[in-house]
Amino acid sequence: MTQSSGAQAGNGALGPGLAILASMVSVNAGAAWAKHLFPLVGSQGVTAVRVGLAALIMLAVVRPWRALPARRDALNLLVYGLMLGCMNLLIYGAFARIPIGIAVAIEVVGPLGVVVLSSRRARDFGWVLLAALGLWLLAPVHDGVPPLDPAGVAYALGAAFCWAMYIVFGKRVSTLNGGQAVTWGMLAAALFTVPVGVAHAGADLLLPTVLAGGLAVAVLSSALPYSLEMAALARLPRRVFGILVSAGPAFAALAGWVVLGERLAGMQWLAIALVILACGGAAATAGKQL
């Protein structure tokens, strides 16, 4: 590759890279904003409004009924959507109990596990050990590390598992039209999360403040970042995409600090940095089959 062609490639990746960064800012700003609504309807209610409104938006835009999925894909789409719904319920439950930066740092262990379980190389297992070190540093057994709510940590670990399953089943439905697969999955997620939110918050979900805030969260955390990521994925190698999104915990921690005033101890920032390094390293060194 000549110097000029290399420069063109670098310039060509700039736009998609900025789109991914904008997507992460949007997702985490939405998460931080959602936490303001928890006192009104709880994390379950906010999840229901966010997922329900996002499903309605995507149904209106994509109109997936124009190409119904084959029967053999229906079960995979259902599980894909259920994992999406569970992941949102659990991570919002974690946000309600622990700082969002720490919750996301725990959650991204799920995708990291998918990379490692798909590999047979010792180097990839080294990234898991690095992430494990980061998580160990989050434990309140070190000087200067404030205690974490055990339920919040458990919710974040559950969200990590659901994210891993979301990736596995998302791969199975990836042969379908991307917008249609995600829309059917979002509808399945809504059919699961909305009843949970109604059971918890009831008619309070229809309060104008909740609906307006939920719409903002649905756009910031679902519709906008999805559009940005789809545009970027068409022009970025998957490995580069993985490296960029591995910075998610840092963006979450910054959003928690700026929007919510959540301040982390130095050891917690170090732990988040190690998890980011582990996820970015796994993405950078993943085999082509991933």
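These remarks concern the structure in this document. Predicted, not measured: the structure shown is a model, and the values here were computed from it.

About the criteria used
Residues numbered from 1 in each chain as written. Predicted model: local features only at pLDDT ≥ 70, side-chain atom pairs only at ≥ 80, totals over all residues. Heavy atoms only, no water. Helix = DSSP H or I, 4+ residues; strand = E, 2+ residues; numbered from the N terminus. Buried < 20%, exposed > 50% of the residue type's maximum accessible area, 1.4 Å probe, protein only. Contact = heavy atoms within 4.5 Å. Areas by Shrake-Rupley, 256 points an atom, 1.4 Å probe, with all protein chains shown as cover. Axes fitted to C-alpha atoms, helices over the stretch in contact; angles between N-to-C directions. Parallel < 35°, antiparallel > 145°, perpendicular 65-115°, else oblique. Left-handed = near helix turned anticlockwise from the far one by under 90°. Nonpolar A, V, L, I, M, F, W, Y, C, P; charged D, E, K, R; others polar. Patch = residues over 30% accessible without salt bridge, like charges linked within 9 Å, V, L, I, M, F, W, Y side chains within 5 Å. Salt bridge = Lys/Arg side-chain N within 4 Å of Asp/Glu carboxyl O.

1. Concerning the overall build of the protein chain
Thinking step 1. Across its full length, the protein chain holds 11 helices and zero strands.
Thinking step 2. Along its sequence from the N terminus, the protein chain presents helices and strands in the succession α-α-α-α-α-α-α-α-α-α-α.
Thinking step 3. Across the 290 residues of the protein chain, 48% fall into the buried class.
Thinking step 4. A sequence separation of at least 24 residues applies to 88% of the contacts in the protein chain between residues at least 6 apart.
Thinking step 5. Carbon and sulfur atoms make up 70% of the accessible area of the protein chain, which amounts to about 13,800 Å² in all.

2. Quick look at the packing of helix α2 (residues 71-95) against helix α3 (residues 100-107)
Thinking step 1. Their axes nearest at 8 Å, the elements α2 and α3 cross at an angle of 140 degrees. With respect to α3, the element α2 is oriented oblique. At the point where α2 passes α3, the crossing takes the right-handed sense. Taking contact as the criterion, the partners of M87, I91, A94 and F95 in α2 are, on α3, I100, A103, V104 and E107.
Thinking step 2. By residue class, the composition of the contact of α2 with α3 is seven nonpolar, no polar and one charged.

3. With respect to a nonpolar patch on the surface
Thinking step 1. A cluster of nonpolar side chains, namely L254, W257, V258, V259 and W269, defines an oily patch on the protein surface of about 460 Å² accessible area.
Thinking step 2. Tallying contributions element by element places helix α10 (residues 248-260) first for the nonpolar patch, with four residues.
Thinking step 3. Within the element layout of this structure, W257 appears in helix α10.

4. A word on the environment of C162
Thinking step 1. Along the polypeptide, C162 turns up in helix α6 (residues 150-172).
Thinking step 2. We classify C162 as buried; its relative accessible area is 6%.
Thinking step 3. Between the C-alpha atoms of C162 and E107, which are 55 residues apart in sequence, the distance is 9.1 Å.

5. Thoughts on the pattern of salt bridges
Thinking step 1. Scanning the model with the defined rule gives one salt bridge in all.
Thinking step 2. Between K35 and E262 there is a salt bridge, with its nearest N and O atoms 2.5 Å apart. Taken together, the residues span a long stretch of sequence, with K35 in helix α1 (residues 3-62) and E262 in the loop between α10 and α11 (266-285) at a distance of 227 residues.

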